[in-house]
Amino acid sequence: MDNLEEKIRKILEEELSSSLSDSTSKPSTVGSKGHNGIFSNVDDAIAAAKAAWEDYVDQPIEMRNKVIEAIKEGFRPHIEWMAKQIKEETGMGTVDAKIAKLNNALYNTPGTEILQPDAETGDGGLIMYEYAPYGVIGAVGPSTNPAETVIANGIMMLAAGNTVFFGAHPGAKNITRWTIEKLNEFVYEATGLQNLMVSLDQPSIESVQQMMSHPDIALLAVTGGPAVVHQAMTSGKKAIGAGAGNPPAMVDATADISLAAHNIVDSASFDNDILCTAEKEVIAEQSIKDELITKMQQEGAFLLKNKQDIDRLVKMTIKDNGDPDRKFVGKDATFILDQANIAYTGHPSVIILEASVDHPFTMTEMLMPIVPVVSCPDFDSVLKAALIAEQGYHHTASIHSRDLVQINRAAHKMNTSIFVVNGPTYSGTGVGFTGASALTIATPTGEGTTTAKSFTRRRRLNSPQGFSLR
């Protein structure tokens with residue numbers, strides 16, 4: 001048991017260490033009864049969520065709809081302020097992108113309407129399948145999409161009839177706490193229900209460890225790095241895990257090069273490339289590579305040519321252990337160039353460079369606007385290189401092509417949770433109202449882009465004696 005606890009601690013320290021020192025140094029100001037869903041310890045928080053669920057599960061579906069509507073209407077006037085607070089606290093991304101992501105989470109996340117039952121009838125009577133809640137869900141959120149994940153997960157999980165303990169990332173603890181408090185405030189004012197989502201006043205490694213092993217947590221939903229997702233998957237509980245990705249953008253010789261360049265630069269610069277779905281490398285056919293790079297420059301990309309500059313950038317942004325340096329994660333391209341003492345003109349939004357498929361920038365999920373361009377002699381080698389770069393995460397990939405056969409081959413071979421054709425990969429998250437919002441993309445555990453249905457148990461009812469009217 002001591003070895004297991006030490007292993008858990010080591011893994012969670014890696015995922016949650018940033019900003020931890022100041023998040024645990026202040027004394028708790030929240031009592032055991034909590035305030036707007038915020039508690040001082042895990043046991044009290046989960047007990048409150050369990051008590052809330054025992055009432056909530058017996059409420060009519062219309063009550064769930066009122067809860068969701070209260071969340072949507074309550075946050076509506078706060079979106080711009082929240083975007084600015086996320087940017088200020090985390091230091092990552094851009095305000096405009098966060099406004100888009102918050103709108104996506106609030107108004108593009110399906111609720112109870114996605115939980116319609118399935119029914120079969122015949123000589124054997126009625127067979128009906130319904131989607132029932134688990135109970136109290138233990139959720140862990142990232143610093144890259146803190147309030148957005150609270151909102152999207154909240155709508156999905158509450159629509160499914162669950163209540164939620166939300167483990168905040170210490171690097172975004174203030175905006176996460178505020179979002180949870182306001183969610184509870186909006187819901188209480190509209191329905192009188194309390195503690196449908198709970199959290200702690202001071203997040204810590206120990207609290208996440210305790211939550212994962214708590215007997216009243218029925219399901220784990222973890223959005224974060226591979227280590228903490230792995231820990232959830234090996235916890236002994238049902239787990240929905242959103243893990244790492246390294247999405248390649250393939251461009252073949254038939255593509256609309258101007259459109260491809262626009263989509264790639266637009267998407268890779270969106271929130272400074274911190275989305276796990278965002279294009280992390282471009283794999284292009286040799287015959288159109290130069291034109292693509294030129295068009296990308298016209299779209300605002302800065303082409304880095306000098307090998308010494310490239311080597312310096314690698315050394316500066318990738319740590320000795322191979323991880324991207326958090327100092328540069330989600331930062332503007334101009335900030336990164338300034339820190340590397342690399343001269344540039346204008347205001348570039350993305351840094352691009354030619355690289356091999358095994359280059360550190362190609363094989364690392366940088367989470368910053370540095371995008372290598374790998375060239376290959378033909379489409380077969382483009383697809384092969386994309387598979388190498390994606391590394392079997394099965395997360396996200398995209399292709400820019402007019403050849404339907406090659407598009408189909410790529411979609412089949414990549415086998416990713418999200419596959420985008422001739423568009424920006426942020427469309428795979430629902431931004432721009434391109435399908436349901438996708439803030440928790442559960443690739444390791446197989447659910448893909450999650451909805452309320454992902455957080456339910458599928459139950460079957462048989463009535464052999466009746467209800468076949470044919």
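Residues numbered from 1 in each chain as written. Predicted model: local features only at pLDDT ≥ 70, side-chain atom pairs only at ≥ 80, totals over all residues. Heavy atoms only, no water.

(A) Inspection of the overall build of the chain at higher detail. The secondary structure content of the chain amounts to 17 helices and 18 strands. Compactness check: the chain gives a C-alpha radius of gyration of 23 Å against a globular reference of 23 Å for 470 residues, within 12% of the reference. Referenced to the eigenvectors of the C-alpha coordinate spread, the extents of the chain come out at roughly 65 × 65 × 50 Å. Within the chain, counting contacts between residues at least 6 apart in sequence, those at least 24 apart form 75% of the total. For the chain, the exposed surface amounts to about 19,500 Å²; the carbon and sulfur share of it is 49%. Of the charged side chains in the chain, 40 are positive and 57 negative, and the gap between their average positions amounts to 2 Å. (Helix = DSSP H or I, 4+ residues; strand = E, 2+ residues; numbered from the N terminus. Rg over C-alpha atoms; globule rule 2.2 N^0.38 Å. Contact = heavy atoms within 4.5 Å. Areas by Shrake-Rupley, 256 points an atom, 1.4 Å probe, with all protein chains shown as cover. Lys, Arg positive; Asp, Glu negative; His and termini not counted. Charge placed at Lys NZ, Arg CZ, Asp CG, Glu CD.)

(B) The arrangement of the layout of surface pockets in detail. Approximately 380 Å³ is the volume attributed to the second largest pocket. Residue lining of the second largest pocket: 16 residues in total, with I61, R64, L115, E130 and Y131 positioned closest to the centre. Elements with a contribution of two residues or more to the lining of the second largest pocket: α4 (61–75), β3 (125–133) and β18 (456–463). The dominant element in the lining of the second largest pocket, judged by the number of residues it contributes, is β3, at 5 residues. Residues belonging to the lining of the second largest pocket are distributed by class as follows: 9 nonpolar, 2 polar and 5 charged. (1 Å grid on protein atoms, 1.4 Å probe; cavity = no way out; pocket = protein on both sides within 12 Å on 5 of 7 lines; lining within 4 Å. Points joined across faces, edges and corners; volume = space filled by probe spheres on them. Nonpolar A, V, L, I, M, F, W, Y, C, P; charged D, E, K, R; others polar.)

(C) Focus on the pattern of salt bridges. Enumeration over the complete set of coordinates arrives at 16 salt bridges. Between E185 and K182 there is a salt bridge, with its nearest N and O atoms 3.2 Å apart. Pair noted here: E185 and K182 are both in helix α8 (residues 173–191), with a separation of 3 residues, about one helical turn. Owing to a relative accessible area of 25%, E185 belongs among the partly exposed residues under this scheme. (Salt bridge = Lys/Arg side-chain N within 4 Å of Asp/Glu carboxyl O. Buried < 20%, exposed > 50% of the residue type's maximum accessible area, 1.4 Å probe, protein only.)

(D) The side chain of E390, seen in detail. Structurally, E390 is set in helix α16 (residues 379–390). An unpaired buried charge is present at E390: no salt bridge exists, and K280, the closest side chain of opposite charge, is 11 Å distant. Reaching out from E390, the side chain makes a polar contact with the backbone nitrogen of H395 at a distance of 3.0 Å. What E390 contacts, discounting residues up to four positions off in sequence, is N246, P248, H395, T396, M414 and T416. (Polar contact = N/O pair within 3.5 Å; in protein donor to acceptor, adjacent residues only side chain to side chain.)

(E) Molecular detail of the pairing of strand β5 (residues 163–167). For β5, a buried count of 5 out of 5 residues is recorded, marking the element as mostly surrounded by other parts of the structure. Where strand β4 (residues 136–140) meets β5, 5 bridges bridge the pair, whose relative direction is parallel. In the strand pairing of β5, G138 is matched with F165. One crossover worth recording links β4 to the parallel β5 by way of helix α7 (residues 146–159), and it is right-handed. Sheet topology note: the β5/strand β6 (residues 197–200) ladder contains 2 bridges and is parallel. Its bridge partner lying in β6, F165 is registered against V198. At this point the chain moves from β5, through α8, to the parallel β6, and the crossover so formed is right-handed. (Pairing = 2+ DSSP bridges. Right-handed = clockwise from strand over helix to strand, strands pointing away.)

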